[in-house]
Amino acid sequence: MTLHTETPIDEKERRGMGRKIRHALAVVVAYFRRPGRFSLCHYSRESAFERLKNAKGLHVLDLGSSTFKVADHVIAVDLSCKKGVDVVADVCRLPFGNNTCDGIWMGGLLEHVPDPSGLILECHRVLKRVGWVYCETPFLYGEHNAPGDYHRWTRQGLKRLFQDWEIEWVTDVTGVFSALACQLRVCLSLLTSFGSDLLYRIMHEAVWSYVVWPIKHLDACFRWHPQAKAHAAGYGIMARKT
């Protein structure tokens, strides 16, 4: 009888294949887990991006950038060292001098900061006179820790938060049907996970994401309804330092 023994080469190939499989799974999971990938329909933010485009050559910060830098010419600031991050810092204690920045972009950051008023004061400190800040924040949207999730604001709440600024505009950036799609996705995942957190995550990310995503496109038809803005998934504000 001949006994088969695994050679070091076989073991190395097996481990190499295992690493490739785990990497492939990680790529797929990361693709599905991008926040709001299938459920949110973002309205056109041409005025905000036009402001950003015209700021080439100026000192503009992208606070809470994570791995998604909003533009190549901005300075990406995040709490942890990640790909694409230029400066690792607490956004409430920025390593920049007074009156040194021309603009600040905050996309989905404000709700993750325990002291939002302190962050707004810090933005005011580093911005030059009439420097601008653009901020997006969710309203009807579930908790998403990064690393924490502390706040939600209405349009009136955002105006109050920026009461010492010159507010150019406040508007909805994701609509009511996007909010419906997100909540329906959660509810369907709860119903079909049978109490299992793992099954919930699978259903939420890989099944119901595809089923509910067409709902969000109704936002394009009903954005101008008088009541649509009051029930939006999220709002954006553009303000200037005074």
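Up top is the structure these notes are about.
Residues numbered from 1 in each chain as written. Predicted model: local features only at pLDDT ≥ 70, side-chain atom pairs only at ≥ 80, totals over all residues. Heavy atoms only, no water.

### Section: the pattern of salt bridges
This is how it is decided: Every case where a carboxyl oxygen of Asp or Glu lies within 4 Å of a side-chain nitrogen of Lys or Arg is listed as a salt bridge. Numbering of helices and strands runs from the N terminus; a helix is a DSSP stretch of H or I covering at least four residues, while a strand is a stretch of E covering at least two.
Applying the stated criterion across every chain, the model contains 12 salt bridges. Its salt-bridge partner being Glu168, residue Arg51 comes within 2.7 Å of it at the nearest N-O pair. With Arg51 in helix α2 (residues 46-53) and Glu168 in strand β6 (residues 166-174), this residue pair connects regions lying 117 residues apart in the sequence. The closest approach of N and O atoms between Arg93 and Asp90, which form a salt bridge, is 3.1 Å. Linked through salt bridges whose partners overlap, the residues forming this network are Arg51, Glu168 and Arg240.

### Describing the nonpolar core
So the rule is basically this: What we call a nonpolar core is a set of buried Ala, Val, Leu, Ile, Met, Phe, Trp, Tyr and Cys residues that are connected through their side-chain atoms within 4.5 Å. Residue burial is assigned from relative accessible area. The probe radius is 1.4 Å, only protein chains are included, and a residue is buried under 20% of its type maximum, exposed over 50%, and partly exposed in between. The contact criterion used is simple: two residues touch if any of their non-hydrogen atoms lie within 4.5 Å.
Membership of the largest hydrophobic core comes to 31 residues, with the highest contact counts inside it found for Leu63, Ile104, Met106, Leu119 and Phe162. Those elements that place two or more of their residues in this core are β1 (60-63), β4 (101-107), α3 (116-126), β5 (127-138), α4 (155-161) and β7 (234-240). Setting aside residues no more than four positions away along its own chain, Leu119 makes contact with Leu63, Val91, Cys92, Met106, Leu109, Leu110 and Val113. Counting residues in hydrophobic clusters, the runner-up holds 11 residues, among them Leu52, Ala55, Val60 and Val74.

### Brief notes about the packing of helix α5 (residues 176-191) against helix α6 (residues 197-212)
Put simply, the rule reads: Under this scheme, a helix contributes an axis fitted over its contacting stretch, all axes are lines through C-alpha atoms, and angles between N-to-C directions fall in the 0 to 180 degree range. Angles below 35 degrees are treated as roughly parallel, those above 145 as roughly antiparallel, those between 65 and 115 as roughly perpendicular, and all remaining angles as oblique. Crossing handedness is defined as follows: a turn of the near helix away from the far one that is anticlockwise and smaller than a right angle gives a left-handed crossing, while the clockwise case is right-handed. Think of it as three bins: nonpolar holds Ala, Val, Leu, Ile, Met, Phe, Trp, Tyr, Cys and Pro, charged holds Asp, Glu, Lys and Arg, and polar takes everything else, Gly as well.
Running from N to C, α5 and α6 cross one another at 130°; their axes reach a closest spacing of 9 Å. The pairing of α5 with α6 is recorded here as oblique in orientation. Handedness of the crossing formed by α5 with α6: right-handed. Packed against α5, whose contacting residues are Ala181, Leu184, Arg185, Val186, Leu188, Ser189 and Leu190, the element α6 presents Tyr200, Met203, His204, Glu205, Trp208, Ser209 and Val212 at the interface. Classifying every residue of the contact of α5 with α6 gives 9 nonpolar, 3 polar and 2 charged.

### Side note on the pairing of strand β2 (residues 75-78)
Put simply, the rule reads: Two strands qualify as a pair provided DSSP detects at least 2 bridges between them.
The pairing of β1 with β2 spans 3 bridges and is parallel. From the neighbouring strand, Leu63 faces β2, where its bridge partner is Val77. Pairing geometry for β2 and strand β3 (residues 87-88), over 2 bridges, is parallel. The residue bridging Asp78 from the neighbouring strand is Val88, located in β3.

### Section: the packing of aromatic side chains
This is how it is decided: Put simply, two rings from Phe, Tyr or Trp (the six-membered ring, in Trp's case) pair if the centres are within 6.5 Å, and we call them stacked under 30 degrees between planes, edge-to-face over 60, tilted for the rest.
Here the structure, examined in full by the defined rule, presents 6 aromatic pairs. Both rings, one in Trp105 and one in Tyr134, keep their centres 4.6 Å apart while their planes meet at 50°; by these two values the pair is tilted. One end of the pair, Trp105, is in strand β4; the other, Tyr134, is in strand β5, and 29 residues separate them in sequence. Following the ring pairs from residue to residue traces out a cluster consisting of Phe49, Trp105, Tyr134 and Trp169.

### A short note on the environment of Ile215
Mapped onto the elements, Ile215 comes out in the loop between α6 and α7 (219-222). Note on Ile215: relative accessible area 22%, which makes it partly exposed. Each C-alpha atom, one on Ile215 and one on Ala181, is 6.0 Å from the other, the two residues being 34 residues apart in sequence. Not counting residues within four places of it along the chain, the set of residues in contact with Ile215 comprises Phe177, Leu180, Ala181 and Leu184.

### Focus: α6
Test applied: Here the bend at a residue means the angle between the axes of two seven-residue stretches, the one that ends at it and the one that starts at it. Counting of polar contacts relies on pairs of N or O atoms within 3.5 Å, with two restrictions inside protein: one atom must be capable of donating a hydrogen and the other of accepting it, and residues adjacent in sequence are counted only when both atoms are side-chain atoms.
A maximum bend of about 40° is found in α6 at His204. Regarding α6, its N-cap is Ser196, as a side-chain oxygen of that residue lies 3.5 Å from the backbone nitrogen of Leu198 further along.

### Overview of the side chain of Thr137
Residue placement: Thr137 occurs in strand β5. Here Thr137 falls in the buried class, since its relative accessible area comes to 3%. Thr137 has contacts with Glu111, Trp153, Leu158, Gly234 and Tyr235, leaving out every residue within four places of it along the chain.

### As for the environment of Lys241
Relative to the helices and strands, Lys241 is located in the segment after β7. Beyond its immediate stretch of four places on either side in the chain, Lys241 contacts Asn99, His124, Arg125, Leu127, Lys128, Arg129, Val130, Gly131 and Trp165. Here Asn99 takes part through its side chain, which lies 2.8 Å from a polar atom of the side chain of Lys241. A distance of 2.6 Å separates a polar atom in the side chain of Lys241 from the backbone oxygen of Leu127.

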